[in-house]
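As a plain string of letters, each chain reads:
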Amino acid sequence: MRAVLFNPSARAGRATALLPALRNALPADVALHVPDSAEAALALLHALPRGSRVVAVGGDGTLHRWLPALIERDHELGLVPLGSGNDVARALGLDEAPLAWLSHALNAPAGFIDLGLAIWHDDQGRAHESHFISSLSAGFDAAVARRALDGPARLRGLPRYLWATLRELAALRTWTLDITVDGEHLHSGPALFAASLNTPTFGGGMPATPGARTHDGLLNLLLAGPFTRGGALLMLPRLLHGRHLGHPRIRTQAFEALLILARGALPLAADGEWLGLARSVQVVVRPSALRVVRKG
């Protein structure tokens, strides 16, 4: 079975302008659903026959919220990119001409990609689990993601992320982290952030880990050590152009399993969606966990 799920909240609600064109472009045998909440979307996904082809019209946040049902029901995912960041679409080779990808998303063969799984404990000791398809952010970049949710509606993608980054720089913080990667101790001390990426970019196109691949059985750590406000501000242009990797306070490493222990409450976000404050985070790769339609 094939079905299209449209997120009316994508692009701060501006995506609904494409609904008439989308309806006109759909084959007669494909149902269009416009759920008005994440809960309604999950219910729809659970009601579809197992292994259905589901075309999601939205962005990274849309995919993140729908992942639990996509995984549990073993659905195939097609994507029509209509988000603010679209880092998953970039990794799949899709540009931001949304309706041009509708037929491809409905009909092209699907292949497997990896996912990340974060198991984290909050400051009350309660355990949580969250899959992610693009990135898990811990520290400064998660605080930026939280701030970006309240950003100006006129901004989307990279400009929105930059706006939130500059606002967060004004109240710059670091977090004391103890990090172990694949059983080997990597870091103890202050850090600006520790991001785990499945895609080469995050934050609406920042080339954070250019070597990352969604289907190699690995995730990629991007660890930024302590920076002053001025140092972080100087680093931002390097990150935007992928020239940050040679910096002495930046480390990257591919991994299968990662453990972060935080002294204090650590901001956490997944696929740009705010999760909460964590005391510890375990991150593992789930190889070939989702079937997705790629370009070509």
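Our structure's up above, just so we're on the same page.
First things first, this report covers the structure right here in the doc.

About the criteria used
Residues numbered from 1 in each chain as written. Predicted model: local features only at pLDDT ≥ 70, side-chain atom pairs only at ≥ 80, totals over all residues. Heavy atoms only, no water. Patch = residues over 30% accessible without salt bridge, like charges linked within 9 Å, V, L, I, M, F, W, Y side chains within 5 Å. Areas by Shrake-Rupley, 256 points an atom, 1.4 Å probe, with all protein chains shown as cover. Salt bridge = Lys/Arg side-chain N within 4 Å of Asp/Glu carboxyl O. Helix = DSSP H or I, 4+ residues; strand = E, 2+ residues; numbered from the N terminus. Buried < 20%, exposed > 50% of the residue type's maximum accessible area, 1.4 Å probe, protein only. Contact = heavy atoms within 4.5 Å. 1 Å grid on protein atoms, 1.4 Å probe; cavity = no way out; pocket = protein on both sides within 12 Å on 5 of 7 lines; lining within 4 Å. Points joined across faces, edges and corners; volume = space filled by probe spheres on them. Expected span 1.5 Å × (residues − 1). Arc of directions from axis to C-beta. Core = buried A, V, L, I, M, F, W, Y, C linked by side-chain atoms within 4.5 Å.

A look at a nonpolar patch on the surface
Taken together, Leu149, Trp274 and Leu277 make up a surface patch of nonpolar side chains, about 250 Å² in accessible area. Mapped onto the elements, Leu149 comes out in the loop between helix H6 (140-148) and helix H7 (157-169).

Here's the deal with the environment of Pro200
Position of Pro200 relative to the elements: it lies in the loop between strand S10 (193-197) and strand S11 (219-224). Exposure remark for Pro200: the relative accessible area of 21% places this residue in the partly exposed category. In the structure, Pro200 is positioned 110 residues away from Arg90 in sequence and 8.6 Å away in space, judged by C-alpha atoms. Not counting the four nearest positions on each side in its chain, Pro200 is found in contact with Ala91, Met206, Pro207, Ala208, Thr209, Pro210, Ala212 and Arg213.

A short note on empty space enclosed by the protein
By the definition in use, this model includes 1 cavity of 30 Å³ or more. One number sums up the size of the largest cavity: a volume of about 190 Å³. Considering the residues around the largest cavity, the lining is formed by 18 residues, among which Phe140, Leu192, Phe193, Leu236 and Leu239 are closest to the centre. Those elements that provide at least two residues to the lining of the largest cavity are H6, H7, S11 and helix H8 (229-240). Ranked by residue count, the leading element in the lining of the largest cavity is H8, at 4 residues.

Describing the pattern of salt bridges
Think of it this way: side chains of opposite charge can pair up when their charged atoms draw near. Tallied over the entire structure, the rule returns 9 salt bridges. A salt bridge links Asp122 to Arg126; its shortest N-O distance comes to 2.9 Å. The salt bridge partner of Arg147 is Glu168, with a shortest N-O separation of 2.9 Å. Placement of the pair is Arg147 in helix H6 and Glu168 in helix H7, with a sequence separation of 21 residues.

Considering H8
Over its 12 residues, H8 extends 17 Å from the first C-alpha to the last, a length consistent with the 16 Å expected when each residue adds 1.5 Å. Burial in H8 covers these residues: Gly231, Ala232, Met235, Leu236 and Leu239. Seen along its axis, H8 keeps its buried residues to an arc of 150°; they face one direction. Directly after H8, the chain includes Gly242, whose backbone phi takes a positive value near 70°.

Re the nonpolar core
Leu177, Ile179, Leu221, Ile260 and Val281 are the most contacted members of the largest nonpolar core, which totals 48 residues. At 6 residues, strand S13 (residues 257-270) tops the list of elements feeding residues into this core. What Leu177 contacts, discounting residues up to four positions off in sequence, is His187, Ser188, Gly189, Ala191, Ala194, Ile260, Leu261, Ala262 and Leu266. With 26 residues, the next largest nonpolar core counts Leu63, Ala69, Leu94 and Ile133 among its residues.

Notes on the environment of Leu197
Tracing the backbone shows Leu197 in strand S10. Accessibility expressed as a relative area gives 0% for Leu197, which makes it buried. In this structure, the C-alpha to C-alpha distance between Leu197 and Glu72, residues 125 residues apart in sequence, is 22 Å. Setting aside residues no more than four positions away along its own chain, Leu197 makes contact with Ser134, Ser135, Phe202, Ala208, Thr209, Leu219, Asn220 and Leu222.

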